[in-house]
Each structure stands twice: as C-alpha cells, then as structure tokens.
Amino acid sequence: MKHIYLERHDPDKNLHRFYQLFIMPGLFGDWSLVKEWGRAGSPGTVRKDWFDTETEAQLAGQKLCAAKQKKGYQAIL
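Visitor: I keep staring at the sheet that holds strand E2 (residues 15-25) and nothing clicks. Help me out?
Guide: The pairing of strands in a sheet happens through backbone hydrogen bonds and is either parallel or antiparallel. If you trace the five strands from one edge of the open sheet to the other, you get E4-E3-E2-E1-E5, paired in antiparallel fashion. Both edges of this open sheet fall to strand E4 (45-51) and strand E5 (74-75), since each of them pairs with a single strand only. Looking at chain direction, E2 and strand E3 (residues 31-39) are connected through nine bridges and run antiparallel. Bridge pairing links Tyr19 to Trp37 in E3. The sheet strands contacting helix H1 (residues 54-70) are strand E1 (3-10), E2, E3, E4 and E5, and the helix crosses E2 at an angle near 170°.

Shown next, in the form of structure tokens:
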C-alpha cells in the first residue's frame, strides 16, 4: 500500500466524503502515514503520523483502511 483513495456517498444525507492514505519516506530514515479527509471535491484536512519503519506505517494504514471500509467507504481505483 503506497496510496489508497476511499469514498463514501449517501445522497439521502447529502454525504459525499473522501479519505486518502499515503505512505511516504522521511528525510531521516523514518516513514510517515499521510492522511487526508474531507468532502469530495473540496480540499481536505491533512495529518501525518510518523513511524520508525515502513512496515509499521503500512500496518497502521491497513488497519485504518479496514476501519473506514467497515463504515461504508469504498476504494476507488
């Protein structure tokens, strides 16, 4: 997983959300999980979580992706 883009739509509630995950290397051998979320078509909120290894960042991303899919988000290719 280097990049995942998820969307959730519910027209009855006027709900059109996105959630995006990136795994990126840092400058000092560390790794970040970059998360961006918000309303589809608008700029989102961005947050970075830092990890010592790429594997830790990957696991955190996979766990978060699974949690979002349980809430109704679907991966967009």
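Now that the structure has been shown, we can carry on.
Visitor: Explain the nonpolar core to me, please; I cannot follow it from the model alone.
Guide: Inside soluble globular proteins, nonpolar side chains tend to come together where they are buried. Counting eleven residues, the largest nonpolar core is built from Ile4, Leu6, Tyr19, Leu21, Ile23, Trp31, Leu33, Phe51, Ala57, Cys65 and Tyr73. Breaking this core down by element, the ones donating at least two residues are E1, E2, E3 and H1. Element by element, the count of residues in this core is highest for E2, at three residues.

What counts, and where the lines are drawn
Residues numbered from 1 in each chain as written. Predicted model: local features only at pLDDT ≥ 70, side-chain atom pairs only at ≥ 80, totals over all residues. Heavy atoms only, no water. Pairing = 2+ DSSP bridges. Helix = DSSP H or I, 4+ residues; strand = E, 2+ residues; numbered from the N terminus. Contact = heavy atoms within 4.5 Å. Axes fitted to C-alpha atoms, helices over the stretch in contact; angles between N-to-C directions. Core = buried A, V, L, I, M, F, W, Y, C linked by side-chain atoms within 4.5 Å. Buried < 20%, exposed > 50% of the residue type's maximum accessible area, 1.4 Å probe, protein only.

All we've got here are geometric facts, nothing functional implied.
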